Amino acid sequence: MVAAAEDGSFTPPSLDHEFDLPKLFQTFFGFDAGPLEMNRIIMVRVLAVLVMLLLFWLAFRKPRVIPGKGQSVAEMAIGFVKENIVDGVLGEQLGKKYLPLLSAMFFGILAMNITGIIPGLNIAGTSLIGMPIVLAIVAYIAFVWAGIREAGAGTFLRNALFPPGVPWPMYILLTPIEFINVFVVRPISLALRLFLNMMVGHLLLVLCFSATHFFVFTLGGVNALFGVPTLLGGFVMTLVELLAAVLQAFVFTLLTSVFIQQAASEEH
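Since this is a predicted model, take the numbers as computed values, not measurements.

Draft legend 1. Representation of unusual backbone geometry in the model. Backbone geometry at N122 places phi at a positive 60°, although glycine is not the residue there. Structurally, N122 is set in the loop between α3 (69–114) and α4 (130–151). Here N122 falls in the partly exposed class, since its relative accessible area comes to 38%.

Draft legend 2. How the structure looks around the nonpolar core. F252 and I260 are the most contacted members of the largest nonpolar core, which has 42 residues in total. Looking at this core, the elements that each hand over two or more residues are α2 (40–60), α3, α4, α5 (153–161), α6 (171–219) and α7 (227–264). In terms of residue count, α3 provides more of this core than any other element does, 15 residues in total. Excluding residues within four positions of it along the chain, F252 makes contact with M105, I109, L135, A136, A139, L190 and L194. If you look at the next biggest cluster of nonpolar residues, it comprises five residues, including I41, V44, L121 and I123.

Draft legend 3. Main features of a nonpolar patch on the surface. Taken together, the side chains of I129, I133, I137, I141, W145, F179, I180, V184, V185, I188, L192 and L196 define a hydrophobic patch exposed on the protein surface, amounting to about 1,000 Å² of accessible area. Secondary-structure assignment places I133 in helix α4.

Draft legend 4. Main features of the packing of aromatic side chains. A full pass over the atoms with the stated rule returns 14 aromatic pairs. Between F80 and F106, the ring centres sit 6.1 Å apart and the planes meet at 50°, which makes this aromatic pair tilted. The partly exposed category is assigned to F80, whose relative accessible area is 35%. When the ring of Y140 is compared with that of F143, the centres are 5.5 Å apart and the planes differ by 75°; the resulting orientation is edge-to-face. Of this pair, Y140 and F143 both sit in helix α4, three residues apart, which is roughly one turn of that helix. A residue is classified by how much of its surface remains accessible, and Y140, at 27% relative accessible area, is partly exposed. The class for F143 is buried, based on a relative accessible area of 2%.

Calculation notes
- Residues numbered from 1 in each chain as written.
- Predicted model: local features only at pLDDT ≥ 70, side-chain atom pairs only at ≥ 80, totals over all residues.
- Heavy atoms only, no water.
- Helix = DSSP H or I, 4+ residues; strand = E, 2+ residues; numbered from the N terminus.
- Buried < 20%, exposed > 50% of the residue type's maximum accessible area, 1.4 Å probe, protein only.
- Core = buried A, V, L, I, M, F, W, Y, C linked by side-chain atoms within 4.5 Å.
- Contact = heavy atoms within 4.5 Å.
- Patch = residues over 30% accessible without salt bridge, like charges linked within 9 Å, V, L, I, M, F, W, Y side chains within 5 Å.
- Areas by Shrake-Rupley, 256 points an atom, 1.4 Å probe, with all protein chains shown as cover.
- Salt bridge = Lys/Arg side-chain N within 4 Å of Asp/Glu carboxyl O.
- Phe/Tyr/Trp six-rings, centres within 6.5 Å; stacked < 30°, edge-to-face > 60°.

This is the structure we're talking about:
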């Protein structure tokens, strides 16, 4: 990733692997894997989700009235999502219907975000645009379904496209804008917000630790001292990435809850 020419000049780290990941598993039992072939980012995503599911299964496989440590931690985690996101936005009654979806969304995003700071994985499952798009599509389907189911298709479309209290000639201009905002901008903004935050954080970590490797192992000698601030910067960025992993999962789930609430409301 870091290279030094014979004249001592520095070649910036190559980031090609971030966007052109090699295939890790192209065959299964000697047969062509076809669409099931996996690269590094797919493997990271699968591992993150499997580990998350395993932890929750271990916590709740034998539920008790007086919970043990694992069950207590898992209940606190779900309680955090329920109290701070779902019930706070949707209310207790409506929140019961969408708590499973929003909890799965929060913990799934969190698990894939955290892989960016785990040694050996070193890339967040959401730092390539594919997964944020899938999650945005899920959010899109959720709030459209909520609007049709809770308020009715007519009421949902009327609230979304024809805001009350506006002179009717203004709808000629306002309705197309509202259509783009609700049905196009919302999912795109959800996907881009998550993708860009995790990608930028990952690139900053790559640059910090690549610079440390260059100063310490490539140049060596007195130049290795320059690797100290870059190494410290890498550790600071790791803490920032941990905070961003939690925050982005929270924001994505919170905005999805807000969109569901707006869609399900009979009156705006």
